[in-house]
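Chain and residue survey
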Amino acid sequence: MSIRNLEHLFAPRSVAVIGASDRPHSVGATVLLNLLNGGFIGTIYPVNPKHEVLFGHTSYASVAALPAVPDLAIICTPAAMVPDIVAQLGLAGTRAAIVLTTGMNAIDEVSGLSLHQAALDAAKPHLLRLLGPNCVGLLVPGIGLNASVANTNALPGKLAFVSQSGALVSAILDWAKTRGIGFSKFISLGDSADIDFGDVLDYLARDSGTSAILIHMEDVRLARKFMSAARAAARSKPTLILKAGRVPESARAAASLTGALAGSDAVYDAAIRRAGMLRVFSTEGLFGAVETLARAHRQGGERLAILSNGGGPGVMATDELVCSAGTLATLSPTSLAKLNEVLPPHWSHANPVDIIGDAPASRYADALKVLLQDEGSDAILFIHAPTAFVPSLEIANALLPLLRESSRNVLACWLGGEAVAQARAIFSHAGIPTYDTPEEAVQAFLQIVQYQRNRDLLMQVPPSIPVGFVPDRAAALAVTGAALAAGREMLSEPEARQVLAAYGIPVVETRIAANIEDAVHGAEAIGFPVAVKILSPDINHKSDVGGVALDLETPQAVFAAARGMHARLTGFQPEARLQGYSVQAMARRPQSSELIIGMTTDPVFGPVILFGQGGVAVEVMDDHALALPPLNMVLARDMVSRTRVAKLLAGYRNIPPADIDAICRTLVQVAQLVIDIPEITELDINPLLADDAGVIVLDARMRLARSQAETDPLARLVIRPYPRELEESLDWDGRSMTVRPIRPEDGPAHEAFFNALAPEDVHFPLFLRVHEMQPSQLAHFTQIDYDREMAFIATAMTPGGKAETLGVARVVVDPDNVKATCTVVVRSDLKRRGLGQLLMNKLIAYCRKRGTGEIVGETLSQNVPVINLARQLGFEVRRMDNDQTVQLRLVLEASRS
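A brief report on the enclosed structure follows. (Residues numbered from 1 in each chain as written. Predicted model: local features only at pLDDT ≥ 70, side-chain atom pairs only at ≥ 80, totals over all residues. Heavy atoms only, no water.)

Moving on, we get to the pairing of strand 34 (residues 789-797). Within strand 34, eight of the nine residues are buried, leaving the element largely enclosed by the surrounding structure. As paired strands, strand 33 (residues 735-741) and strand 34 are joined by four bridges and run antiparallel to one another. Counterpart to Val739 in the pairing with strand 34 is Ala794. Looking at chain direction, strand 34 and strand 35 (residues 803-813) are connected through nine bridges and run antiparallel. Bridge pairing in strand 35 links Ile793 to Val808. Joining the antiparallel neighbours strand 34 and strand 35 is a turn of five residues, in which Gly801 adopts a positive phi near 85°. (Buried < 20%, exposed > 50% of the residue type's maximum accessible area, 1.4 Å probe, protein only. Helix = DSSP H or I, 4+ residues; strand = E, 2+ residues; numbered from the N terminus. Pairing = 2+ DSSP bridges.)

This part takes up helix 3 (residues 82-92). The set of residues buried in helix 3 consists of Val82, Pro83, Ile85, Val86, Leu89 and Gly90. Projection of helix 3 onto a plane perpendicular to its axis shows the buried side chains occupying an angular sector of 160°, all on one side. Buried-residue contacts for helix 3 involve strand 1 (14-18), strand 5 (72-75), strand 6 (96-99), helix 4 (115-123) and strand 7 (129-131). Positive phi shows up at Gly93, right after helix 3, with a value of about 115°. (Arc of directions from axis to C-beta. Contact = heavy atoms within 4.5 Å.)

The subject of this paragraph is the environment of Leu806. Position of Leu806 among the secondary structure elements: in strand 35. Classification of Leu806 as buried rests on a relative accessible area of 0%.

For helix 20 (residues 555-572), spanning 18 residues, the distance from its first C-alpha to its last is 26 Å, which sits close to the expected 26 Å at 1.5 Å a residue. Looking at the buried residues of helix 20, the elements they touch are helix 19 (516-526), strand 23 (530-535), strand 24 (548-552) and strand 25 (580-585). (Expected span 1.5 Å × (residues − 1).)

Below, the discussion takes up the pattern of salt bridges. In this structure the tally under the stated criterion is 44 salt bridges. Arg488 is paired through a salt bridge with Glu495; the nearest N and O atoms lie 2.8 Å apart. The partly exposed category is assigned to Arg488, whose relative accessible area is 29%. Classification of Glu495 as buried rests on a relative accessible area of 17%. (Salt bridge = Lys/Arg side-chain N within 4 Å of Asp/Glu carboxyl O.)

Strand order in the open sheet formed by seven strands is 9-8-11-10-12-13-14, and the pairing between neighbours is mixed. Pairing within the sheet leaves two strands with one partner each, and these edge strands are strand 9 (145-148) and strand 14 (278-280). Strand after strand, the sheet turns through a mean of 25° between neighbouring axes, direction not considered. Of the pairings in the sheet, the one linking strand 8 (residues 137-140) to strand 9 comprises four bridges and is antiparallel in character. Residue pairing for strand 9: Leu138 is matched across the bridge by Ala147. Those strands touched by helix 6 (residues 197-206) are strand 10 (155-163), strand 11 (182-188), strand 12 (212-217) and strand 13 (239-243), and its axis lies near 170° from that of strand 12. Strands in contact with helix 16 (residues 438-458) are strand 13 and strand 14; relative to strand 14, the strand with the most contacts, it is inclined by about 140°. (Axes fitted to C-alpha atoms, helices over the stretch in contact; angles between N-to-C directions.)

Attention now moves to the environment of Ala693. With respect to the element layout, Ala693 can be found in the loop between strand 29 (680-691) and strand 30 (694-697). Of the residues examined, Ala693 reaches a relative accessible area of 63% and is grouped as exposed. Separated by 35 residues in sequence, Ala693 and Ala658 place their C-alpha atoms 7.4 Å apart.

The next thing to look at is the packing of helix 13 (residues 361-372) against helix 14 (residues 392-405). Between helix 13 and helix 14, the shortest axis-to-axis distance is 9 Å and the interhelical angle comes to 25°. Here helix 13 is positioned roughly parallel relative to helix 14, judged by the angle of their axes. Of the two possible hands of crossing, helix 13 and helix 14 adopt the one that is right-handed. Contacts between helix 13 and helix 14 pair Ala361, Tyr364, Ala365, Leu368, Lys369 and Leu372 from the former with Glu394, Ile395, Ala398, Leu399, Leu402 and Leu403 from the latter. Of the residues belonging to the contact of helix 13 with helix 14, the class tally is 10 nonpolar, no polar and two charged. (Parallel < 35°, antiparallel > 145°, perpendicular 65-115°, else oblique. Left-handed = near helix turned anticlockwise from the far one by under 90°. Nonpolar A, V, L, I, M, F, W, Y, C, P; charged D, E, K, R; others polar.)

Counted according to the given criterion, the structure contains 16 aromatic pairs. Where Tyr45 meets Tyr60, the ring centres are 6.0 Å apart and the plane angle is 75°; that geometry is what we call edge-to-face. Of this pair, Tyr45 sits in strand 2 (residues 43-47) while Tyr60 sits in the loop between strand 4 (57-58) and strand 5, and the two are 15 residues apart along the sequence. Here the aromatic rings of Trp414 and Phe427 are separated by 5.1 Å at their centres, their planes lie at 90°, and the arrangement is edge-to-face. Of this pair, Trp414 sits in strand 19 (residues 409-414) while Phe427 sits in helix 15 (residues 421-429), placing them 13 residues apart in sequence. The pair formed by Trp414 and Phe427 is uniform in burial state, with each residue classed as buried. Aromatic rings pair up to connect Phe161, Trp175, Phe183, Phe186 and Phe287 into one cluster. One cation-aromatic arrangement involves Lys243 over Tyr268; the distance from NZ or CZ to the ring centre is 4.4 Å. The cationic tip of Arg743 hangs over the ring face of Tyr722; the distance from NZ or CZ to the ring centre is 5.3 Å. (Phe/Tyr/Trp six-rings, centres within 6.5 Å; stacked < 30°, edge-to-face > 60°. Lys NZ or Arg CZ within 6 Å of the ring centre and 35° of its normal.)

Right, dumping it as structure tokens:
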């Protein structure tokens, strides 16, 4: 249901406490006292038939006895009473409730439903939102709302904190208060019967009082909803997550190596990365990281320069950086020459830059000026250890003017205590990220790097239809369909290779042999040397039972190898079925690396793609990276870069670099295969040989299951691909034009489109009356989530061959798909030529197809052309009370509001 009615939860004007009490340490007394002592400026209604007055406030016997409808109710009654109370509140008109009660999984004897489900059923007809049950509650310090059983109040601030763990909520509140950390919202989700991470992220992403979102997570239940909300939140403000449960689960039974390797926590890690969030691994790290990101500038790269007044601290920082896979900058020759001019002869002459312990403040400033202009670095870590030569405060005051003028990230480490306390405070107050140790500072820099990488991944929007290759989907479906029709869930190795070949993935030439004689004939047809492998649906790893023979040069060798395999299989595993032999051309690529590309289906996040070092030792090497489909070449290259085998693929000694593009194309092709054929639940390509000549599949396994998503193959994906099927080419006004969904790479053209608008056109809801397009606004317009938003642009090529945007029609659908807010803007010099109507027709058709209830919009009352267009398209036109704006409404189906 998402954000509907959440304003009553987070900004209530009145609160009722159902089950209020004066019994010491009871839930009813604790939450009522927290409300009364928190400074809430609204009305508080205690509800308990056993009391007339509670803590000086009139107590009411029931919900029906309340003098007014409360915006928010807090329920702390026995579990059996909760569903009926929810029904009473819904009938009264309350639209949000916090259920603190535990034990809601008990079964109601009358309905046969759990109390949890009965409460949801009672709330649904009234769109009454439930937080909990089994939660600590909610705090909104800005309005004095402490609707919780927490042991302390929260300080006001700009951070939102969301947690599933009640115990952690109380501990972090206490921890943060002692450190002066304040919050805009502090939310305990509990069992998330209704309101979950997705709902809260949607709300907080739009909350102007929240500058960053901190999450403590144990699990996710509605992954697609979560990913959509998380990606939207991460685009608007730093979103950090502390995920519990990092220890791998017990290995589940899997027919593929990928299924065994892709552990639950690793999949969560891939999802967090793809959502543009930053994962941290401790509570202190959570708050430290948000402070770092709030003060950091966007970096042009990942190279760190280190400036220190001593060799030891600089070496410590370097160790931490390199051991954490960071990049130490190599200073440019120009910078080295300039540093030679301003530093003593015996300075370090390299990065880290050791300016020597006797450095006066001017030497710090001179060296910093050089590093701020260095082309070989992207950020600077300044480290100072106190000395008797110059006060630390003097150094801080000398450097501050330089740092205030710089757009480059500079992190500071003031080593020591009292001697550097004032300098540290001055830097911190000036907004410069400041740390106590070199290791802390380096880890903060790496958090900036990782966060920027994750944000960059948000820019990647792979298409739903493949680009660069044309798969034979029908051929692949014929193979998988025949197997399912025969009642088989496992494809044979040759069948798996057929499916891969249909998607353009290079496979070794193969013949299937039913018996030993056929194996010999197949080898003769292919040409020697060959490899022979057993075919058995009961054997996962053929080499474990001696079922693989390589480099067979003669018919006699093939005969002997096949006969030996039969004998070994009978001896090792007599119950295994032998269906024949696979005879393959021998792929002799001595300088190749063995890789694995696979796919498994995670119970939470659906299909997951795996890449890593392959071969028989794949589980021992444990070198792999995971990603969620869809993929493109950029995302595939990111996967490869996160593995150790990437260093081997880059080439070494006399081994040339492998064809990385070919590897990435294979990853993209596998991801497309998984999207197109939802019956595929597990896949292993192992080994995939890769060298400078390309890639080739030697072995493959594939597991199938009947899909529940025949009508929408994309339903099992948690990230919606770019909807390439909505692209349309047409002729308009004497020129060729494409109307299509907007993409992140349209940013420059969209900015030029904005700059070409006449001033009166800028005063339009689409651009929120902005006068200059900021990078964050440009990202908001071009980096959209196609699950909840659509922007169709009309684009054409200029005579110089450059793409230009002619117009845009945008619609933002509420998370319940009830109401869509639309707007259309045509470039000022192209008005009154029918382009606006063309774009709006496209938008209306799109909303009808997705089942949206209604489209609404508004425009200025003097905008007669838009008003006339709206009437032509069937919109209701209603003048607003202020007489300056007009509301437009088009009902597409029976409204659910």
